[in-house]
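One letter stands for each residue in the lines below.
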Amino acid sequence: MDDSGTPPATEARLPPVLEALAAREPLFHRPEYGTARADFERMTAPDFWEVGASGRRYGRAHVLDVLEERFSRPVAEEREVPHHRGTAVQAAAKATA
């Protein structure tokens, strides 16, 4: 951004790159791009780093370690739904069936 407060124009050759990056965001939350450490290594440059929500900077090795741990165990997506006989929940279920 210059002194006028106007961000610089995007170079004409970059929109496809920006679209590809946006499609992968957030990069490490899309299993279709891989869930193994080797997958994440291929997706990051050797000098990769990221900034967490706290503002802290994390290096590539730390990020890869965290991702490897995160994806080493299956994610449980089970949900227990109590029985709702004669309630609005039951009526909504019938309406959508």
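Look up: the structure comes first, before these words.
Numbers given for residues are sequential positions, taken from 1 along each chain in its written order. pLDDT decides what is reported in this predicted model: residues at 70 or higher carry local features, side-chain atom pairs at 80 or more are listed and counted, and totals for whole chains, interfaces and linings draw on all residues regardless. Side-chain metrics in this entry use all non-hydrogen atoms of the structure; hydrogen atoms and water are not considered.

Focus on the overall build of the protein
Okay, so step 1: Counting from the N terminus, the helices are the DSSP runs of H or I reaching at least four residues and the strands are the DSSP runs of E reaching at least two. If you tally the helices and strands in the protein, you get 4 helices and 2 strands.
Okay, so step 2: Contacts: residue pairs with any heavy atoms within 4.5 Å of one another. Taking contacts inside the protein between residues at least 6 apart in sequence as the whole, the part at least 24 apart equals 27%.
Okay, so step 3: Note on areas: Shrake-Rupley, 1.4 Å probe, and residue coverage restricted to the protein chains presented here. Counting only carbon and sulfur atoms, one obtains 55% of the accessible surface of the protein, whose full area is about 8300 Å².

Considerations on the nonpolar core
Okay, so step 1: Residues enter a nonpolar core if they are buried and are Ala, Val, Leu, Ile, Met, Phe, Trp, Tyr or Cys, with the set joined through side-chain atoms within 4.5 Å. To sort residues, take the accessible area from a 1.4 Å probe on protein chains only and compare it with the maximum for the residue type: under 20% means buried, over 50% means exposed, and anything in between is partly exposed. One finds Phe 28, Phe 40, Tyr 58, Val 63, Leu 64 and Leu 67 forming the largest nonpolar core, which totals 6 residues.
Okay, so step 2: Counting residues per element, this core draws most heavily on helix 3 (residues 60-70), at 3 residues.
Okay, so step 3: Other than its neighbours up to four places away in sequence, Leu 64 contacts Arg 37, Phe 40, Glu 41 and Thr 44.

Description of the environment of Glu 68
Okay, so step 1: Looking at where Glu 68 falls in the secondary structure, it is placed in helix 3.
Okay, so step 2: Through-space distance from the C-alpha of Glu 68 to that of Ala 36 is 6.6 Å; in sequence the pair is 32 residues apart.

Section: the packing of aromatic side chains
Okay, so step 1: The rule is short: rings of Phe, Tyr and Trp, with Trp giving its six-membered ring, pair when the centres are within 6.5 Å, and they are stacked under 30 degrees, edge-to-face over 60, tilted in between. By the definition in use, this model includes 1 aromatic pair.
Okay, so step 2: On the basis of an interplanar angle of 40 degrees and a centroid distance of 5.5 Å, the ring pair of Phe 40 and Phe 71 is categorised as tilted. You can see Phe 40 sitting in helix 2 (residues 37-43) and its partner Phe 71 sitting in the loop between helix 3 and helix 4 (88-96), a full 31 residues away along the chain.
Okay, so step 3: Phe 71 sits in the partly exposed class, given a relative accessible area of 29%.

A look at a nonpolar patch on the surface
Okay, so step 1: Taken together, the side chains of Val 17, Leu 18 and Leu 21 make up a nonpolar region of the molecular surface, amounting to roughly 270 Å² of accessible area.
Okay, so step 2: Mapped onto the fold, Val 17 is located in helix 1 (residues 15-24). A residue counts toward a patch only above 30% relative accessible area and without a salt bridge, and it is joined to like-charged neighbours within 9 Å or, for Val, Leu, Ile, Met, Phe, Trp and Tyr, to nonpolar neighbours within 5 Å. When a carboxyl oxygen of Asp or Glu lies within 4 Å of a side-chain nitrogen of Lys or Arg, that pair is called a salt bridge.

Comments concerning the pattern of salt bridges
Okay, so step 1: Across all of its chains, the model carries 6 salt bridges by this definition.
Okay, so step 2: In this structure, the salt-bridge partner of Asp 65 is Arg 37, at a minimum N-O distance of 3.0 Å. Taken as a pair, Asp 65 in helix 3 and Arg 37 in helix 2 lie far apart in primary sequence, 28 residues in all.
Okay, so step 3: On the accessibility criterion, Asp 65 (42% relative accessible area) is partly exposed.

Side note on the side chain of Thr 44
Okay, so step 1: Among the secondary structure elements, Thr 44 is positioned in the loop between helix 2 and strand 1 (49-51).
Okay, so step 2: Think of a polar contact as two N or O atoms within 3.5 Å of one another; within protein, one of them needs to be a possible hydrogen donor and the other a possible acceptor, and neighboring residues in sequence only count if both atoms come from side chains. Within polar-contact distance, the side chain of Thr 44 engages the backbone oxygen of Phe 40 at 2.9 Å.
Okay, so step 3: Not counting residues within four places of it along the chain, the set of residues in contact with Thr 44 comprises Phe 28, Arg 60 and Leu 64.

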